[in-house]
Structures are given as structure tokens and as C-alpha cells.
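The chain contents come next:
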Amino acid sequence: MNNVPEERLVDLIRQTRLGESHAYRQLLEGCTPLIRQAARSYLTRFGHQSFTEDIVQEVLLAIHQKLHTYDTEHAFLPWLRSVTRHKTIDLLRKHRTKLTSLDDEDVGEIEDTASQNDATASRDLDVLLKQLKPPAGDIIYLLKVEGASVAELAKKYDLRESNIKVIVHRGLAKLSKMVLDERLGTP
């Protein structure tokens, strides 16, 4: 995760916090290849590299929801690596993969002291999911929040597993675009 200079990413975060919409887009665009590289590396160790784009979407959504918790006085790349590592671990556990350490560092949760922000983020997520064409919002919620499997959702909605994956992929892409458009003030 060292392709984009740390200072540049922190500068983009500062600009984003000052309301400069172009900085937010550049931040996400700068983070995406770093997240993809790290996620692919982690997932390859467990034979699940096909989930790389799922992790990328999860981490981008987490950045949107938790960027306010990042302190610009500290290094950003370790924070980003930590978020990516945690989202990867969550996915691997969901798929009942026997985990070994993803790296030499201890894997700990990012401290979150803003439970009120969590409630707001949950409401925001509900609002966003309701904007998707049914049943995409429900499927994404059940898969990503409740931890349902693709097979369970395929059976529940009488669809093929590949259709569920396409719905989730397209829905997450649309959610990312909606969040970015909202952040940038684009209609």
C-alpha cells in the first residue's frame, strides 16, 4: 500500500474535510488500487481472491462511514490497511475459512467511541439501500450486514447464485456512486 504518497492522502483528507469535493473523489481513487492490492494479497493466501472486489467495495463504504474517526496527525496507510484487514477477516469468517495471521501485526479493532455516529450511519445506510431497485437493497443488507450466504439468498429469492452476485456487485457500485455524488453535491 505504498504506491500513493502518505502525505498526499492525508492532504486529500484535510481538503475533503474543508468541503473540497474534488479531493474526496481523488482520495477514493487513490485508495482503491491500494485496497485492491492489499485485499488480493490477503485473500490469495486463503484461496478466496474472487472476493477482492467485494472487499474493495466494503472498504470504500467503511472509509465513507468512518473517515471522521481518522486523526490526520497519525499515519493514514496503517489505518487503511487495518480497515482492509478487518473487512477481509470478516469475509473469511463468514465463509468459515480457517484463519491464520494475515500479517505479523496483531489484528485489533479500530477503536470507535462514536456510537451515536453508528446509529446515524445505520439510518443513512437504510436510506441508501431503499433507493436501490428491489430486491437489491434487501439482498445487500442481508448479505453484507446480516451475514447471509449467497446460496441462502438465491434460494430465498428464487434466483441463481450468479444472479445474486451480479445484483450485489451492481448494487454496491450504485451505492458507491450515490455516496460519492452526495458527497460531491452532484444531483
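Criteria and cut-off values
Residues numbered from 1 in each chain as written. Predicted model: local features only at pLDDT ≥ 70, side-chain atom pairs only at ≥ 80, totals over all residues. Heavy atoms only, no water. Salt bridge = Lys/Arg side-chain N within 4 Å of Asp/Glu carboxyl O. Helix = DSSP H or I, 4+ residues; strand = E, 2+ residues; numbered from the N terminus. Buried < 20%, exposed > 50% of the residue type's maximum accessible area, 1.4 Å probe, protein only. Axes fitted to C-alpha atoms, helices over the stretch in contact; angles between N-to-C directions. Parallel < 35°, antiparallel > 145°, perpendicular 65-115°, else oblique. Left-handed = near helix turned anticlockwise from the far one by under 90°. Contact = heavy atoms within 4.5 Å. Phe/Tyr/Trp six-rings, centres within 6.5 Å; stacked < 30°, edge-to-face > 60°.

Next up on the list: the pattern of salt bridges. The final tally for this structure, using the stated rule, is two salt bridges. Aspartate 11 is paired through a salt bridge with arginine 8; the nearest N and O atoms lie 3.6 Å apart. Here the residue aspartate 11 and the residue arginine 8 both occupy positions in helix 1 (residues 6–17), the gap between them amounting to three residues, near one helical turn. By relative accessible area, arginine 8 is classed as partly exposed at 36%. Two residues, glutamate 53 and arginine 36, come together in a salt bridge whose shortest N-O distance is 2.6 Å. You can see glutamate 53 sitting in helix 3 (residues 52–66) and its partner arginine 36 sitting in helix 2 (residues 21–44), a full 17 residues away along the chain. The class for glutamate 53 is partly exposed, based on a relative accessible area of 28%.

On to the packing of helix 2 against helix 3. Describing two packed helices takes the angle between their axes plus the distance from one axis to the other. It is the contact of helix 2 with helix 3, at a shortest axis distance of 9 Å, that shows an interaxial angle of 140 degrees. The angle between helix 2 and helix 3 falls in the class oblique. The crossing of helix 2 and helix 3 is right-handed. Contacts between helix 2 and helix 3 involve Tyr24, Leu28, Cys31, Thr32, Ile35, Arg36, Ala39, Arg40 and Leu43 on the former and, on the latter, Thr52, Glu53, Ile55, Val56, Val59, Leu60, Ile63 and His64.

For the structure on display, the rule yields three aromatic pairs. Ring centres of tyrosine 70 and phenylalanine 76 lie 5.1 Å apart, and the angle between their planes is 80 degrees; on these two criteria the pair is classed as edge-to-face. Here tyrosine 70 matches phenylalanine 76 in class, with each residue buried. When the centroid spacing of 5.8 Å and the interplanar angle of 55 degrees are considered together, the rings of tyrosine 70 and tryptophan 79 count as tilted. Both residues of the pair, tyrosine 70 and tryptophan 79, count as buried. One aromatic cluster is present, formed by Tyr70, Phe76 and Trp79 through successive ring pairs.

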